[in-house]
Amino acid sequence: MKRLQGQTALITGASSGLGQGIALAMAREGAQICINYSHSQEGAEETLQEIESFGGKAMIVQADVSKQPAVKAMFQKTIQTFGTVDILVSNAGIQKDASFLDMSLEDWQKVLDINLTGQFLCAQEAAREFMRRGIVKERSQAAGKIICMSSVHDIIPWAGHINYATTKGGVLMFMKTLAQELSPYKIRVNALSPGAIKTRINESVWKDEHERKQLLKLIPYQRIGEPEDIGKAAVWLASDESDYVQGQTIYVDGGMTLYPGFVDNG
Ligand code: BGC
């Protein structure tokens, strides 16, 4: 039996990178997928085609996760098509980097809107649907699962990226507070905090030989991660194998959070 058989997973930002990796991994485990994207319809179609190529089921919904009407419409469409939503992966996220003094209010606000308010709006719709439907024992022991995509930068400060790091620190407490509040309804809320994973968001770093070497100094396990690394962790966190895991952040980072600078220092 596949681990997410018959469940519906709504994955934001599933047109590329981690979201795409998670969508493929969950579809392989039997979940039907709502592939959300904001700009790249092409990317969303690529995700859809790959899922269909191995006999999986998916649909595409465009929505800006920071806009409430769009988020509500996205949940409605998914529920109309697949009957309900069992899993939310709040993955959509952006970086707009600048030094603190140069950062515009616009870039500060935009990153907060997508990375933090987007998680609030999506989790609220998901929780409403989970509560309406309740537990369906044949599918899962929980009434629903929310996975918040965070980052190692929820605990590692990151100069030059204050908007991004602030949102990830926010996601950490958002997730924990939500887990505490929704536990009585048998809704599980957890976070995944990836380290450096090869996606478009950090392409400029892993494509450049010098920068890649510098980056590897921050990864004790000595490899840059792949979207599949996150896909596998997400499947486990959404499945009943992790039914007693609640309010936790799982760092999938090759040891980036182990203070590698202290190996021969301090
Ligand atoms: C960022 C990446 C970065 C990684 C490790 C992620 O959250 O989006 O750009 O490579 O953290 O620093």
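Remember, it's a predicted structure, so these values are computed and weren't measured experimentally.

A. View of the site of the ligand. Looking at the ligand, the residues that line it are Gln95, Ser151, His153, Trp158, Tyr164, Gly195, Ala196, Ile201, Asn202 and Met256. Compared with its free state, where it exposes 310 Å², the ligand has 90% of that area covered by protein. Residues that form the shell around the ligand fall into these classes: five nonpolar, five polar and no charged.

B. Focus on the pattern of salt bridges. Inspection of the entire model under this criterion finds 13 salt bridges. Between Glu125 and Lys72 there is a salt bridge whose closest N-O contact spans 3.2 Å. Of the two residues, Glu125 sits in helix H4 (residues 105–133) while Lys72 sits in helix H3 (residues 68–82), which places them 53 residues apart along the sequence. A residue is classified by how much of its surface remains accessible, and Glu125, at 11% relative accessible area, is buried. We classify Lys72 as partly exposed; its relative accessible area is 32%. A salt bridge links Asp86 to Arg133; the nearest nitrogen and oxygen atoms lie 3.9 Å apart. Remark: Arg133 occurs in helix H4 and Asp86 occurs in the loop between H3 and strand E4 (87–90); sequence separation between them is 47 residues. You can call Asp86 buried: its relative accessible area is 4%. By relative accessible area, Arg133 is classed as buried at 18%. By sharing partners, the salt bridges in this structure join Arg3, Glu29 and Glu241 into a single network.

C. How the structure looks around the side chain of Asp154. Assignment of secondary structure puts Asp154 in the loop between strand E5 (144–149) and helix H5 (162–182). No salt bridge is formed by the buried Asp154, whose closest oppositely charged neighbour, Lys168, lies at an N-O distance of 8.4 Å. Polar side-chain contacts of Asp154 include one of 2.8 Å to the side chain of Ser193. Once you skip the residues sitting within four places of it in the chain, Asp154 turns out to touch Lys168, Gly169, Leu172, Ser193, Thr249 and Tyr251.

D. Main features of unusual backbone geometry. Located in the positive-phi region is Lys186, a residue other than glycine, with phi close to 60°. On the basis of relative accessibility, which here comes to 43%, the residue Lys186 falls in the partly exposed class.

E. Molecular detail of the sheet that holds E5. Sheet architecture is open: seven strands sit in the order E3-E2-E1-E4-E5-E6-E7, paired in parallel fashion. Whereas interior strands pair on both sides, the edge strands pair on one side only; in this sheet they are strand E3 (58–62) and strand E7 (249–252). On average, each strand axis in the sheet is tilted by 20° relative to the strand beside it, whichever way the strands run. As paired elements, strand E1 (residues 8–11) and E4 share three bridges and run parallel to each other. Paired with Leu10 across the strands is Leu88, a residue of E4. Docked against the sheet, H4 engages E4, E5 and strand E6 (187–194), running at close to 170° with respect to E5.

F. Geometry of the pairing of E4. Side chains Ile87 and Val89 of E4 all project onto a buried face; the interleaved residues Leu88 and Ser90 project onto the opposite face, where all are buried too. Where E4 and E5 come together, four bridges link them in parallel fashion. Note that in E5 the partner of Val89 across the bridge is Ile147.

G. Local environment of the nonpolar core. In this structure, Ile11, Met26, Ile33 and Leu192 are the most contacted members of the largest nonpolar core, which totals 33 residues. Those elements that place two or more of their residues in this core are E1, helix H1 (17–28), strand E2 (32–37), helix H2 (41–53), E4, E5 and helix H8 (227–238). Per-element accounting of this core gives the leading share, seven residues, to H1. Beyond its immediate chain neighbours, meaning those up to four positions away, Ile33 contacts Ala9, Ile11, Ala23, Met26, Ala27, Ile51, Lys57, Ala58, Met59 and Phe82.

H. Local environment of the pairing of E3. Bridge count between E2 and E3: five bridges; the pairing is parallel. Counted as the bridge partner of Ile35 is Ile60 from E3. Remark: the E2/H2/E3 crossover connection has right-handed handedness.

I. How the structure looks around H4. With 29 residues, H4 should cover 42 Å at 1.5 Å per step; its first-to-last C-alpha distance of 41 Å lies within 8% of that length. Taken as a whole, H4 carries its principal kink of about 35° at Thr117. Looking one or two residues beyond H4, the residue adopting positive phi is Gly134, at roughly 70°.

Conventions we followed
- Residues numbered from 1 in each chain as written.
- Predicted model: local features only at pLDDT ≥ 70, side-chain atom pairs only at ≥ 80, totals over all residues.
- Heavy atoms only, no water.
- Near = heavy atom within 4 Å.
- Areas by Shrake-Rupley, 256 points an atom, 1.4 Å probe, with all protein chains shown as cover.
- Nonpolar A, V, L, I, M, F, W, Y, C, P; charged D, E, K, R; others polar.
- Salt bridge = Lys/Arg side-chain N within 4 Å of Asp/Glu carboxyl O.
- Helix = DSSP H or I, 4+ residues; strand = E, 2+ residues; numbered from the N terminus.
- Buried < 20%, exposed > 50% of the residue type's maximum accessible area, 1.4 Å probe, protein only.
- Lys, Arg positive; Asp, Glu negative; His and termini not counted.
- Polar contact = N/O pair within 3.5 Å; in protein donor to acceptor, adjacent residues only side chain to side chain.
- Contact = heavy atoms within 4.5 Å.
- Pairing = 2+ DSSP bridges.
- Axes fitted to C-alpha atoms, helices over the stretch in contact; angles between N-to-C directions.
- Core = buried A, V, L, I, M, F, W, Y, C linked by side-chain atoms within 4.5 Å.
- Right-handed = clockwise from strand over helix to strand, strands pointing away.
- Expected span 1.5 Å × (residues − 1).
- Bend = angle between axes of the 7 residues up to and from the residue.

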